Amino acid sequence: MDFFESEIFTYKNNELYCEDVPVTEIAEKIGTPVYIYGKIFFEDRYREFTDAFKEVKHTIFYASKSNFNLSVIKTFTDLGSGVDVNSEGELYRALKVGVNPKKIILTGVGKSANEIKLGLELDLLMIKAESEEEIYLINEIAASLGKVARVAIRVNPDVNAQTHPYISTGLAENKFGIDTEAAYTLYKKQNELKNIKFTGIDMHIGSQITKIEPFVEATTKLADLFLKLKAEGINLEHFDMGGGIGVRYENEKTFSVKKLAEAIMPILKKLDCEIFFEPGRYLTANGGILAAKVLYTKKNHDKNFIVTDTAMTDLLRPSIYRAYHHVQPVKLEIGRNNIIADIVGPVCESGDFLAKDREILSSNPGELLAVFSAGAYGMTMASNYNARRRAPEVLVSGNSFKVIRSRETFEHLLFDEKIE
Ligand code: LLP
């Protein structure tokens, strides 16, 4: 049986390490379940990304929804990244890290008036508008504040990203963005919208995209609109490509950012403006694992179950997308049998599983398992269902580690609750 290793999660003497720290050491000190991230992975991926596009003026706005721990955001912003925020909560986090509002862009298909107001008061670099009504609302709020809002229209280019339907966002049937024709009409209203300055054009066609073609198709469509507007005197400063680049969870054939850059660079160069990117998963997914302990192993009607102390409340992706994550023992006990088992958690839902019918080395209660590729959309989608406390997060750097978020306490769960 082959064992999955990533750039920073590797086996040394049959024991899993994050960089130079044994996962067992972290689990013993901090307990399980625990999220473990490798800082160098995040840094390397960021550098790889920015390097791939060095021929064009560009800025990366890290999509903080993939992993919004303050230390993770800071890892990227220390390298020069901006931040893409999808809510007041994510904005709050970015500001806590000390990110300059001029390096923050505000996304969201349903921003509240309050979020728009906050974005304007803070002078965020750009607000992305997703409907005609929102554009009028931004104009109105900006007028009441005596400001001119910098706005990009999120265009829905109607391109099939060929990904899971729940995370496809650039099809005509999806709720996101404004279709190309309608976007064109709105840009042409620039003169009427006294408190809006259209500074950019934006798209985000989906997530976990493993083929280059949808990006080429969407970039071509967006570039056509950009150039048409330019020809008609509407000069936009920013061309925002969104995020969406897929990573390897199982054995997907992915592409590198370098390959993407090669494919779209000719289009980008024609635009002669600054390019924005909003990667999330590409920068974080394979930089993290979720370590858990086996509580029980059981057989039910001939089916094997490994019951762990982690659950859908920690990592929701398998439950809602049937997403694949490698699950492997932290210590490889050579000579053990492989079994086929469902790896499940303690939550009272049949949908609470990390893996279904998975071939795995048999394990015993008390032993540790690692759930791989958990650095993106893991902790950020965690919940308190069944009154479970959310897991701590640990950041490894070289041979040391720091707890960057402690395990929640029961007091956290009761925050401001009243018995009337
Ligand atoms: N920009 C916008 C406007 C987005 O909506 C997203 C993700 C990104 C950037 C970053 O996309 P990425 O590079 O990470 O693919 N929970 C799902 C993923 C949802 C993605 C939502 N939007 C999952 O676990 O697969």
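Residues numbered from 1 in each chain as written. Predicted model: local features only at pLDDT ≥ 70, side-chain atom pairs only at ≥ 80, totals over all residues. Heavy atoms only, no water.

Asker: Would you take a moment to explain a negative patch on the surface for this structure?
Answerer: A cluster of like negative charges, contributed by D158, E173, D179, E181 and E217, occupies part of the molecular surface. Structurally, D179 is set in strand β10 (residues 178-179). (Patch = residues over 30% accessible without salt bridge, like charges linked within 9 Å, V, L, I, M, F, W, Y side chains within 5 Å. Areas by Shrake-Rupley, 256 points an atom, 1.4 Å probe, with all protein chains shown as cover. Salt bridge = Lys/Arg side-chain N within 4 Å of Asp/Glu carboxyl O. Lys, Arg positive; Asp, Glu negative; His and termini not counted. Charge placed at Lys NZ, Arg CZ, Asp CG, Glu CD. Helix = DSSP H or I, 4+ residues; strand = E, 2+ residues; numbered from the N terminus.)

Asker: Please explain the site of the ligand as it appears in this structure.
Answerer: Surveying the vicinity of the ligand reveals 19 residues, the closest of which are S207, E278, R281, R317 and Y377. The separation between an oxygen atom of the ligand and a polar side-chain atom of S207 is 2.4 Å. Taking Y377, its side chain carries an N or O atom lying 2.6 Å from an oxygen atom of the ligand. For the ligand, whose accessible area on its own is 580 Å², the fraction buried by protein is 91%. Counted by class, the shell around the ligand contains six nonpolar, seven polar and six charged residues. (Near = heavy atom within 4 Å. Polar contact = N/O pair within 3.5 Å; in protein donor to acceptor, adjacent residues only side chain to side chain. Nonpolar A, V, L, I, M, F, W, Y, C, P; charged D, E, K, R; others polar.)

Asker: Mind showing me how you'd approach the pattern of salt bridges here?
Answerer: Pairs may arise between side chains of opposite charge once their charged atoms sit close together. Under the counting rule described, the total for this entry stands at 27 salt bridges. A salt bridge links K188 to E232, with the shortest nitrogen-to-oxygen separation between them at 2.6 Å. Pair noted here: K188 is in the loop between α7 (180-187) and β11 (196-202) and E232 is in the loop between α8 (213-231) and β12 (238-240), with a separation of 44 residues, a long-range link. Put simply, K65, D84, K128 and E278 are held in one network by salt bridges that share partners.

Asker: Which parts of the structure should I look at to understand the nonpolar core?
Answerer: Note on soluble globular proteins: their nonpolar side chains tend to be buried together. In terms of nonpolar packing, the biggest core is built from 122 residues, with I36, F53, F239 and L268 touching the most fellow members. The leading source of residues in this core is helix α9 (residues 257-271), at eight residues. Both domain 1 (9-38 + 285-414) and domain 2 (107-279) contribute no fewer than three residues apiece to this core. Judged by nonpolar contacts, the second largest core, of six residues, contains I105, L125, M126 and A152. (Core = buried A, V, L, I, M, F, W, Y, C linked by side-chain atoms within 4.5 Å. Buried < 20%, exposed > 50% of the residue type's maximum accessible area, 1.4 Å probe, protein only. Domains from an automatic or database assignment.)

Asker: Sorry, what's going on with the sheet that holds strand β1 (residues 9-12) here?
Answerer: Within a sheet, each strand pairs with its neighbour through backbone hydrogen bonds, oriented either parallel or antiparallel. Taken in spatial order, the three strands line up as β1-β2-β3 in an open sheet, and their pairing is antiparallel. Only two strands of the sheet have a single neighbouring strand rather than two, namely β1 and β3 (21-22). (Pairing = 2+ DSSP bridges.)

Asker: Please clarify how the packing of aromatic side chains should be interpreted in this entry.
Answerer: By convention here, two paired aromatic rings are described through the distance between centres and the angle between planes. Counted according to the given criterion, the structure contains 17 aromatic pairs. With centroids separated by 5.2 Å and ring planes inclined at 85°, the aromatic side chains of F4 and F372 adopt a geometry described as edge-to-face. Here F4, found in the segment before β1, pairs with F372, found in the loop between β19 (368-371) and β20 (393-397); they are 368 residues apart in sequence, far enough to count as distant. Accessibility classification places F4 together with F372 in one group, the buried group. Taking the centre distance of 6.0 Å and the plane angle of 75° together, the rings of F215 and F255 count as edge-to-face. In this pair, F215 is assigned in helix α8 and F255 in the loop between β12 and α9, connecting sequence segments 40 residues apart. An aromatic cluster of three or more residues is present, and its members are Y35, Y37, F41, F42, Y46, Y62 and F76. Positioned above the aromatic ring of Y184, the side-chain terminus of K228 is 4.0 Å from the ring centre. Lying over the aromatic face of F353, K356 brings its terminal NZ or CZ to 4.8 Å of the ring centre. (Phe/Tyr/Trp six-rings, centres within 6.5 Å; stacked < 30°, edge-to-face > 60°. Lys NZ or Arg CZ within 6 Å of the ring centre and 35° of its normal.)

Asker: Please clarify how the packing of α7 against α8 should be interpreted in this entry.
Answerer: The interhelical angle for the contact between α7 and α8, taken along N-to-C directions, is 25°, at an axis separation of 11 Å. By the angle class used here, α7 and α8 are roughly parallel. By crossing handedness, the relation of α7 to α8 is classed as right-handed. Where α7 approaches α8, its residues T180, E181, A183, Y184 and Y187 are matched on the opposing element by L225, K228 and L229. When its residues are assigned to classes, the contact of α7 with α8 shows five nonpolar, one polar and two charged. (Axes fitted to C-alpha atoms, helices over the stretch in contact; angles between N-to-C directions. Parallel < 35°, antiparallel > 145°, perpendicular 65-115°, else oblique. Left-handed = near helix turned anticlockwise from the far one by under 90°. Contact = heavy atoms within 4.5 Å.)

Asker: Got a minute to help me understand unusual backbone geometry in this structure?
Answerer: A negative phi angle characterises most non-glycine residues, just as the trans form characterises most peptide bonds. Cis geometry is adopted by the peptide bond preceding P33, which originates at T32 and carries an omega value of -5°. Residue position: P33 is located in the loop between α1 (23-30) and β4 (34-38). Positive phi outside glycine occurs at D302, with the angle close to 70°. Relative to the helices and strands, D302 resides in the loop between β14 (288-300) and β15 (303-308). Assessed through its relative accessible area of 72%, D302 is described here as exposed.

Asker: Explanation requested: the packing of α8 against α9 in the structure shown.
Answerer: Relative orientation and spacing of two packed helices are given, respectively, by the angle between their axes and the distance between those axes. α9 packs onto α8 with a crossing angle of 5° between their chain directions and a minimal axis gap of 10 Å. In terms of orientation, α8 and α9 fall into the roughly parallel class. Contacts between α8 and α9 pair F215, V216, T219, T220, A223, F226, L227 and K230 from the former with L260, A263, I264, I267, L268, K270 and L271 from the latter. In terms of residue class, the contact of α8 with α9 is built from 11 nonpolar, two polar and two charged.

Asker: So what exactly am I meant to see when it comes to the domain arrangement of the chain here?
Answerer: Buried accessible area, meaning the area lost when the parts come together, often serves as the stated size of an interface. Once the domains are mapped, the chain shows domain 1 (9-38 + 285-414) and domain 2 (107-279). Computed from C-alpha coordinates alone, the two centres of domain 1 and domain 2 are separated by 36 Å. Contacts between domain 1 and domain 2 engage 10 residues on the former and eight residues on the latter. Taking both sides of the interface into account, the surface hidden between domain 1 and domain 2 amounts to around 800 Å²; carbon and sulfur atoms contribute 55%. Where domain 1 packs against domain 2, one counts two residue pairs in polar contact (both at pLDDT 80 or more). (Buried area = accessible area lost by both parts, 1.4 Å probe.)

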